[in-house]
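Structural characterization, general
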Amino acid sequence: MDDETDTRHAEKMKKIKAARDRMMAGKTAEKGLILVHTGPGKGKSSSGFGMILRCIAHGMPCAVVQFIKGNWVTGEAKMIREKFADECRFFVSGEGFTWETQDRARDIAAAQRGWQIAQEQILDPEVRFVLLDEINIALRYGYLDIDEVVGFLLERKPEMTHVCLTGRNAKPELIEAADLVTEMTLVKHPFRDGIKAQRGVEF
């Protein structure tokens, strides 16, 4: 690069920084967030567990309540239970994917147990972040009442507690109530080419 290009770049970055500093100066409030990760693409749970790792690194007590997936052995469950059990509580309420159990009554009972645990963890003053993994699936199938879940999050969630809810097809009521909603878009997936779920990528 020549000197003129370097100068133009420096001036541009200086303006961007000034604009960014002005924007950030007005962002001083803090609150516990309701976060939703949804959409057909991969990465919803992965992102949620990424935030769990951040909480652990910052010394923020956290909890995971996993719906639907059952006792399928995942890397995140193995790591948290074996290495970070004191920092993060890990609960599994599902008995497996709905097409595996083929028992609606059992699925509803499991989801209800999970929701009870979730409420207890969210209300616990020691817990700062709660991940409700795949709860959107339980809501989609009517295993949990959407009005009850949203009402609890808006009315009873402690002010500084973060709650992240993952899973496809998030209900409109939940999206409306959330502070942050991310939709994962599917562009390509190896499953379409006959590739099964891979250790370290999907689980």
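Scroll up to find the structure.
The structure displayed is predicted, hence computed values, not measured ones.

Using the criterion set out here, one finds four salt bridges in the structure. The closest approach of N and O atoms between Glu-126 and Arg-89, which form a salt bridge, is 3.8 Å. With a gap of 37 residues between them, Glu-126 in the loop between α5 (104-123) and β4 (129-133) and Arg-89 in strand β3 (residues 88-92) connect regions that are remote in the sequence. Each of Arg-89, Asp-124 and Glu-126 takes part in salt bridges that share partners, so that together they form one network.

Looking now at the side chain of His-162. By the element assignment, His-162 lies in strand β5 (residues 162-166). A residue is classified by how much of its surface remains accessible, and His-162, at 18% relative accessible area, is buried. Dropping the residues within four chain positions of it, His-162 is found in contact with Lys-31, Gly-32, Leu-33, Leu-35, Met-60, Arg-128, Phe-129 and Val-130.

Note on placement: Arg-106 falls in helix α5. On a C-alpha basis, the gap between Arg-106 and Tyr-143 in space is 9.9 Å, while along the polypeptide they are 37 residues apart.

Another point: the sheet that holds strand β6 (residues 180-183). Strand order in the open sheet formed by six strands is β3-β2-β4-β5-β1-β6, with parallel pairing between adjacent strands. A single partner strand is all that each edge strand has here, and the edge strands are β3 and β6. Taking the axes of each pair of neighbouring strands and ignoring which way they run, one obtains an average angle of 10° across the sheet. Bridge count for strand β2 (residues 62-66) against β4 is five bridges, and the pairing is parallel. The partner of Gln-66 across the bridge, within β4, is Asp-133. On the sheet, helix α3 (residues 75-83) packs against β2 and β3 and is oriented at approximately 135° with respect to β3.

Cut-off values and rules
- Residues numbered from 1 in each chain as written.
- Predicted model: local features only at pLDDT ≥ 70, side-chain atom pairs only at ≥ 80, totals over all residues.
- Heavy atoms only, no water.
- Salt bridge = Lys/Arg side-chain N within 4 Å of Asp/Glu carboxyl O.
- Helix = DSSP H or I, 4+ residues; strand = E, 2+ residues; numbered from the N terminus.
- Buried < 20%, exposed > 50% of the residue type's maximum accessible area, 1.4 Å probe, protein only.
- Contact = heavy atoms within 4.5 Å.
- Pairing = 2+ DSSP bridges.
- Axes fitted to C-alpha atoms, helices over the stretch in contact; angles between N-to-C directions.

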